[in-house]
Amino acid sequence: MVLYDAEEGTEVWSGQTYLGTSSTNNEAEYTGLVTGLKHAHSLGVRQIVAQGDSLLVVNQLNGEWRVKNERLKHFFREAVKLREQFDSFQINHIPRAENSRADMLANIAMDNKKG
């Protein structure tokens with residue numbers, strides 16, 4: 001997960017966590033979003049535009065797709081609860097090629113097998 005200052009385009013915070021071998025890609029995407037929202041809120045961010053390369057997560061949070069997977073419902077509810085703490089929240093899909101910093105952090109976490 002990476003947080004950027006929208007006005008300056010600079011990286012404000014980044015992090016990675018190894019989730020083990022039983023987590024799915026979508027669980028990892030939700031975990032990254034939830035972690036980022038928590039950190040953004042702790043930094044005093046009031047307006048947020050989230051970007052992710054998971055169509056499933058983006059479309060579920062935008063209300064376009066239902067959350068059918070029982071394992072994802074917890075993550076979805078937590079993300080919805082967290083987004084309500086911001087004055088404005090928007091989430092957009094971006095191609096994976098444009099999400100290279102977050103992808104690099106995920107690979108580091110998997111390689112190191114620790115957070």
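Quick caveat, the model's predicted, so the values are computed rather than measured.

Trainee: Provide a residue-level description of the overall build of the protein chain, including the pertinent values.
Mentor: A tally of helices and strands in the protein chain yields 4 helices and 4 strands. The linear arrangement of helices and strands in the protein chain, starting from the amino end, is β-β-α-β-α-α-β-α. Burial analysis of the protein chain (115 residues in total) assigns 30% to the buried set. Sequence separation of 24 or more characterises 72% of the internal contacts of the protein chain that already satisfy a separation of 6 or more. Carbon and sulfur atoms form 47% of the exposed surface of the protein chain, whose accessible area is close to 7400 Å².

Trainee: Describe helix α1 (residues 25–42), naming the residues involved and giving the relevant values.
Mentor: Given 3.6 residues per helical turn, the α-helix brings residues three or four places apart onto the same face. Over its 18 residues, α1 extends 26 Å from the first C-alpha to the last, a length consistent with the 26 Å expected when each residue adds 1.5 Å. For α1, the set of buried residues is Glu27, Tyr30, Gly32, Leu33, Val34, Gly36, Leu37 and Ala40. If you follow the buried residues of α1, they end up packed against β1 (2–4), β2 (11–14), β3 (47–52), α2 (55–61), α3 (70–83) and β4 (88–93). A positive backbone phi angle near 90° is found at Gly44, which sits one or two residues after α1.

What counts, and where the lines are drawn
Residues numbered from 1 in each chain as written. Predicted model: local features only at pLDDT ≥ 70, side-chain atom pairs only at ≥ 80, totals over all residues. Heavy atoms only, no water. Helix = DSSP H or I, 4+ residues; strand = E, 2+ residues; numbered from the N terminus. Buried < 20%, exposed > 50% of the residue type's maximum accessible area, 1.4 Å probe, protein only. Contact = heavy atoms within 4.5 Å. Areas by Shrake-Rupley, 256 points an atom, 1.4 Å probe, with all protein chains shown as cover. Expected span 1.5 Å × (residues − 1).

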